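What follows is each chain in one-letter form.
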Amino acid sequence: MTLYSCCLILLVFAWNTAAYGPNQRAQKKGDIILGGLFPIHFGVAAKDQDLKSRPESVECIRYNFRGFRWLQAMIFAIEEINSSPTLLPNMTLGYRIFDTCNTVSKALEATLSFVAQNKIDSLNLDEFCNCSEHIPSTIAVVGATGSGISTAVANLLGLFYIPQVSYASSSRLLSNKNQFKSFLRTIPNDEHQATAMADIIEYFRWNWVGTIAADDDYGRPGIEKFREEAEERDICIDFSELISQYSDEEEIQQVVEVIQNSTARVIVVFSSGPDLEPLIKEIVRRNITGKIWLASEAWASSSLIAMPEFFHVIGSTIGFALKAGQIPGFREFLQKVHPKKSTNNGFAKEFWEETFNCYLPDGSKNSPGSGSFHKGHEESMGTGNGTSAFRPPCTGDENITSVETPYMDYTHLRISYNVYLAVYSIAHALQDIYTCTPGKGLFTNGSCADIKKVEAWQVPFSNCSRDCLPGTRKGIIEGEPTCCFECVDCPDGEYSDETDASACDKCPEDYWSNENHTSCIPKQIEFLSWTEPFGIALTLFAVLGIFLTSFVLGVFTKFRNTPIVKATNRELSYLLLFSLLCCFSSSLFFIGEPEDWNCRLRQPAFGISFVLCISCILVKTNRVLLVFEAKIPTSLHRKWWGLNLQFLLVFLCTFVQIVICVIWLYTAPPSSYRNHELEDEIIFITCHEGSLMALGFLIGYTCLLAAICFFFAFKSRKLPENFNEAKFITFSMLIFFIVWISFIPAYASTYGKFVSAVEVIAILAASFGLLACIFFNKVYIILFKPSRNTIEEVRCSTAAHAFKVAARATLRRSNVSRKRSNSLGGSTGSTPSSSISSKSNHEDPFPLPASAERQRQQQRGCKQKVSFGSGTVTLSLSFEEPQKNAVANRSTKRRNSLEAQNSDDSLMRHRALLPLQNSDPLSAEPSFLPASSPESSSQESVAGDTREEAPGPEEEPSQPSANSRNFIGTGGSSVTENTVHS
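Cut-off values and rules
- Residues numbered from 1 in each chain as written.
- Predicted model: local features only at pLDDT ≥ 70, side-chain atom pairs only at ≥ 80, totals over all residues.
- Heavy atoms only, no water.
- UniProt positions renumbered as here; feature names shortened; annotations may be inferred.
- Helix = DSSP H or I, 4+ residues; strand = E, 2+ residues; numbered from the N terminus.
- Buried < 20%, exposed > 50% of the residue type's maximum accessible area, 1.4 Å probe, protein only.
- Contact = heavy atoms within 4.5 Å.
- Axes fitted to C-alpha atoms, helices over the stretch in contact; angles between N-to-C directions.
- Parallel < 35°, antiparallel > 145°, perpendicular 65-115°, else oblique.
- Left-handed = near helix turned anticlockwise from the far one by under 90°.
- Nonpolar A, V, L, I, M, F, W, Y, C, P; charged D, E, K, R; others polar.
- Disulfide = S-S within 2.5 Å.
- Phe/Tyr/Trp six-rings, centres within 6.5 Å; stacked < 30°, edge-to-face > 60°.
- Pairing = 2+ DSSP bridges.
- pLDDT = per-residue confidence, 0-100.

As recorded in an unreviewed UniProt entry, the protein goes by Extracellular calcium-sensing receptor and comes from Nothoprocta perdicaria. What the UniProt record of the protein gives under Sequence similarities (unreviewed entry) is the line "Belongs to the G-protein coupled receptor 3 family."

## Re the overall build of the protein
Along its length, the protein carries 27 helices and 29 strands. Counting across all 982 residues of the protein, residues that qualify as buried make up 50%. In the protein, once contacts between residues fewer than 6 apart in sequence are set aside, the share between residues at least 24 apart is 71%.

## What about the packing of helix H7 (residues 249–261) against helix H8 (residues 273–286)?
Between H7 and H8, the shortest axis-to-axis distance is 10 Å and the interhelical angle comes to 55°. In terms of their interaxial angle, H7 and H8 are classed as oblique. The interaxial crossing formed by H7 with H8 has right-handed handedness. Residues Ile 252, Gln 253, Val 255, Val 256, Glu 257, Ile 259 and Gln 260 of H7 form the contact with H8, whose own contacting residues are Pro 278, Leu 279, Glu 282, Ile 283, Arg 285 and Arg 286. Looking at the contact of H7 with H8, its residues break down into seven nonpolar, two polar and four charged.

## A short note on the state of the cysteines
A complete count under the given rule lists seven disulfides for this structure. Between the sulfur atoms of Cys 60 and its disulfide mate Cys 101 the distance is 1.7 Å. What sets the handedness of the Cys 60 and Cys 101 disulfide is the S-S torsion sign, and at about 85° it is right-handed. Of this pair, Cys 60 sits in strand E4 (residues 60–63) while Cys 101 sits in the loop between strand E5 (93–99) and helix H3 (104–123), and the two are 41 residues apart along the sequence. For the residue pair Cys 60 and Cys 101, the accessibility class agrees, reading buried in each case.

## Description of the packing of aromatic side chains
Summed over the entire model, instances satisfying the criterion amount to 26 aromatic pairs. Seen from their ring centres, Phe 38 and Tyr 167 are 5.1 Å apart, and the 15° between their planes marks the pair as stacked. Here the residue Phe 38 occupies a position in strand E2 (residues 32–38), and Tyr 167 occupies one in the loop between strand E7 (164–166) and strand E8 (183–185), the gap between them amounting to 129 residues. Side by side, Phe 38 and Tyr 167 carry an identical accessibility label, which is buried.

## Remarks on the pairing of strand E22 (residues 682–688)
When you tally the buried positions in E22, you get six out of seven residues, the bulk of the element. Across three bridges, strand E20 (residues 524–526) lies against E22 in parallel orientation. Across the sheet, Ile 525 pairs through a bridge with Ile 683, a residue of E22. Counting the residues between successive antiparallel strands, the hairpin from strand E21 (residues 671–679) to E22 contains two residues.

## Remarks on the confidence of the model for the protein
For the protein, mean pLDDT is 74; residues scoring 70 or higher make up 70% of the total. Predicted confidence for residues 364–388 stays below pLDDT 50, and this span has 32 contacts to residues more than four positions away or in other chains. Note that pLDDT drops below 50 for residues 826–848; the model gives that stretch 55 contacts with residues more than four away or on any other chain.

## Observations regarding the environment of Ile 738
Secondary-structure assignment places Ile 738 in helix H22 (residues 726–749). Overall, the relative accessible area of 56% leaves Ile 738 in the exposed class. Separated by 27 residues in sequence, Ile 738 and Ala 765 have C-alpha atoms that sit 9.9 Å apart.

## As for the sheet that holds E5
Strand order in this open sheet of six strands is E1-E5-E2-E6-E7-E8, and the pairing throughout is mixed. Single-partner strands in this sheet number two, and they are strand E1 (25–28) and E8. For this sheet, the mean angle separating the axes of adjacent strands, direction not counted, is 20°. Along the sheet, helix H2 (residues 65–82) contacts E2, E5 and strand E6 (138–142); its crossing angle with E5, the most-contacted strand, is approximately 175°. Strands E2, E6, E7 and E8 of the sheet are contacted by helix H4 (residues 147–159), whose axis makes an angle of about 165° with E7.

Put into structure tokens, the structure is as follows:
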């Protein structure tokens, strides 16, 4: 009986082998064989069969270039796996691939070949016969394309538990595991597609449509699911028709009549390209336009439908397509195909002939592939000689890239990518068997299968769902039994470390799930660290500020007795530089891991340091302004504006900030805080300020003092710059305001470690602005321009200021007197303007004697340009030693002359410009006392406080000596002034 069965199986196998000759398959030996089913042709030739003779296999017609590309994708994936050192090492995959011709009969012929070979291999007939061409069993089959074909193949393969992985069959019927136990696929089923079609119709508010479906297991279930979805959405269906590529002409005409007479403009079609092609041709022939076609994925991108001559009919098509994928190296592989090189691929010869419309002479007469073409060609031409006379011979040197065919359309790899995935899914299943550990296997008692003796039934599994790996959990599928579930990835922050976990566990507060969600790892801790590049950069800038401030303090200490240092109120300057050191140092408390002690120290340190700095600038600026605006300085001024009062005011301003900080630290002290809420995977260690209101008071009080300081600096901007660098202080306060106004939105919009970084940047920017604007100019003069650091330069500046003030007052009085004269008696003279220019010394109308002239040339002097109104005056002052001045005072008399058209006005102006001797050697500004007018008392002499800084006798500076000045008014009057030796 066994021998009889063996003979029967051998006969079946022999018949299948005969039916599929070498040119009708692609085959390569290997340790493990994979089967493949692909539609290399679109259909078979119609042939009447009767029972008078033995049935013959029908011929395939109409070459499918895309089908050959799908076949190439399987071969490429197998060769790629064979060359991989990690996937199935030391194992070789082979293949046996057949053409289904897009029909069930051809697909079943190929499937029988797989089954018969497996049966022969399982009988182990080596002891009965010498089988030199032994072929291992086919352990899995990749295919087929159409759902109807896959349904027939799956029924046959399921009997022998041979796994089938389809790359294009999307019928929802194939999801029935009770009927199709060994069927798998790499394409979603049609339920999702049918639902999407109904959603599109609902979106466009269409409610009147027609439906067409292929009369197979793909079209019927798909359109049925669409009807269910349409009914739920109140979409009405006008007509519903079934089609097939084998329908006769009468049936096609009837369907076209229904479409033409229907008032529905939207037609939903669930069909493949070959089944729909006859209907579209008839619609094109009748020129039925104005219809909107809703296409399923099987024909939306079909090369049979996407023809230029069909565009005016199907141009308004909304279609679905599978997600495209990328296959690295596949393009080059497609271009390498050649009949002589592709020895394992029996379909390459026919592909070459169809691509270049030629024939290969060797074996062409007996080539079923050629015969198939000629059969189809004859049908189209109306002849039937069956020879190759219609095509020229192929040279073999043709260039595959020079011809445009669907085979080379690799821009959107959809079905090809699904084939690629199907092969790899089988390979990974075999890899699991290859790496199986005894005791943990899938079979009885945890046993493992022998990879070299693996049988087809050992590849698939019998569970409803695959095991959920660690990092996932079982999810309930609505309407399915509890043993059928889907594996859902654990959400972020949760993990599962076991197989088939029912739920994911939450990670502890300071931990987060890893990338695979199989365990928890500590969260990353972030703060403004000393070691990160940003923290290092801020630290370097802070250290640079401390160094520059220390350098400036050293320069001021070394040159403390020079006029510039004395004129800037050196005691307050020392305190100001100390406060800047504190400002730069306070920024370092914001860097490093926040702890309670530095969180409570950093804000008060920053606030007190800046208030101390601003207070020094405020007192320093206000003191000089009040002195210059006061009337003749008295002992009362010197008493109240001494150093003690200055330091007292600085202390009082700073004490207010200290009180704010003490109240803050007592009521709501800052503390370190671990923030888990900003980002899931990071813990930000920051300082919780305790009270944002207290921080606002701290910064607000600092800005209030800065505003007052800015006001005084702006008001004193025209005073001699030796006493008060008002322009630079004004600019520094502007920088201060810009920095801290920008700080508020930046502080509010940042989070984590960047909050500290923003405040450090603001502290450093404000500190550098104060240091640079107030001190760098003076350090430059002290170190690089010592000629300007003299008492003469100081007095030149103050004298110029006093002259400017006096001249302006004189012009105002002159204008008032002139207006009064004009109102009383009238005047025809021209009115002098406020523009005054200086003549050179050699035009002095009162020349000095020769001895005095020589003495003047030996004197040291300086010139200052003074601008007021619309004029500019160059004021020249000369200085000589005190003893020389004494001789000059005894020998020289004060000479004053006045030349003007209006003698009264000129006399008043002349008297306003007379210098008043200042007995203080270091008084930086001589006063000008008018000869007659109580208003002249508005100009004062700086005395009192500056005497405290006067040098000793050995440093007694020069006194002003005689110098001749001529001033000419533009109104025609002339004023001449001779200064005398004091």
